Amino acid sequence: SWAVTTDRRNRVIVGGSLGGEGRFDARAFMVGRLNAAGRAQTWFGEDGVAIARFGKRAVVQPRQVYIDSRGRIVVAGTVAGTSIGYGLAFARFLSGRR
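Computed from a predicted structure; not experimentally measured.

*Asks:* Sorry if this is basic, but what is going on with the nonpolar core here?
*Replies:* Across soluble globular proteins, you tend to see nonpolar side chains buried next to one another. Phe 29, Val 31, Phe 44, Val 65, Ile 73, Val 75 and Phe 93 are the most contacted members of the largest nonpolar core, which has 16 residues in total. Elements that contribute at least two residues to this core include exactly strand E3 (28–34), strand E4 (49–53), strand E5 (59–67), strand E6 (73–81) and strand E7 (85–93).

Here's what the structure looks like:
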């Protein structure tokens, strides 16, 4: 599941999760940021991607990504898991100073 938005400087922010194992998996929200020219901003997160993990048994579904009034990236969605049931999930990422 994926969500996309732009900020005041026309940078593209993509939020999502991927199935599978490793760095990108269904237990985490991931956010990637591209500049207005479409190039990954490698200083953001790790090589342009920031990750918020929710636990070994969690399965997250990002539904929306937006920029708050302070320029921070917020991803909202759902989380499910055997011990936690089903609920809302939020992750806020700092935008950096660039």
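*Asks:* Hey, could you run me through the packing of aromatic side chains in this one?
*Replies:* Here a ring pair, both rings aromatic, is described through the centre-centre distance and the interplanar angle of the planes. Under the counting rule described, the total for this entry stands at two aromatic pairs. With a centroid separation of 4.9 Å and 70° between ring planes, the pair formed by Phe 29 and Phe 54 is classed as edge-to-face. Highlighted residues: Phe 29 in strand E3 and Phe 54 in the loop between E4 and E5, separated in sequence by 25 residues. Taken together, a centroid distance of 6.5 Å and an interplanar angle of 90° make the contact between Trp 43 and Phe 44 edge-to-face.

*Asks:* For this particular structure, what's the right way to read the environment of Arg 39?
*Replies:* Note that Arg 39 resides in the loop between E3 and E4. Note on Arg 39: relative accessible area 56%, which makes it exposed. Distance from Arg 39 to Arg 11, taken between C-alpha atoms, is 9.4 Å for residues 28 residues apart in sequence. Excluding its chain neighbours within four sequence positions, the residues that come into contact with Arg 39 are Arg 33 and Leu 34.

*Asks:* Please clarify how the pairing of strand E2 (residues 12–16) should be interpreted in this entry.
*Replies:* Where a strand is regular, its side chains alternate between the two sheet faces. In this structure, strand E1 (residues 2–6) lies alongside E2, joined through five bridges in antiparallel fashion. Bridging across to E2, Thr 5 finds its partner in Ile 13. As consecutive antiparallel partners, E1 and E2 are separated by five residues, and within that stretch Asn 10 has a phi angle of approximately 65°, a positive value. In this structure, E2 lies alongside E3, joined through five bridges in antiparallel fashion. Its bridge partner being in E3, Gly 16 is matched across the sheet by Met 30.

Reading the values: the criteria
Residues numbered from 1 in each chain as written. Predicted model: local features only at pLDDT ≥ 70, side-chain atom pairs only at ≥ 80, totals over all residues. Heavy atoms only, no water. Core = buried A, V, L, I, M, F, W, Y, C linked by side-chain atoms within 4.5 Å. Buried < 20%, exposed > 50% of the residue type's maximum accessible area, 1.4 Å probe, protein only. Helix = DSSP H or I, 4+ residues; strand = E, 2+ residues; numbered from the N terminus. Phe/Tyr/Trp six-rings, centres within 6.5 Å; stacked < 30°, edge-to-face > 60°. Contact = heavy atoms within 4.5 Å. Pairing = 2+ DSSP bridges.

Read these as spatial facts, not as claims about activity.
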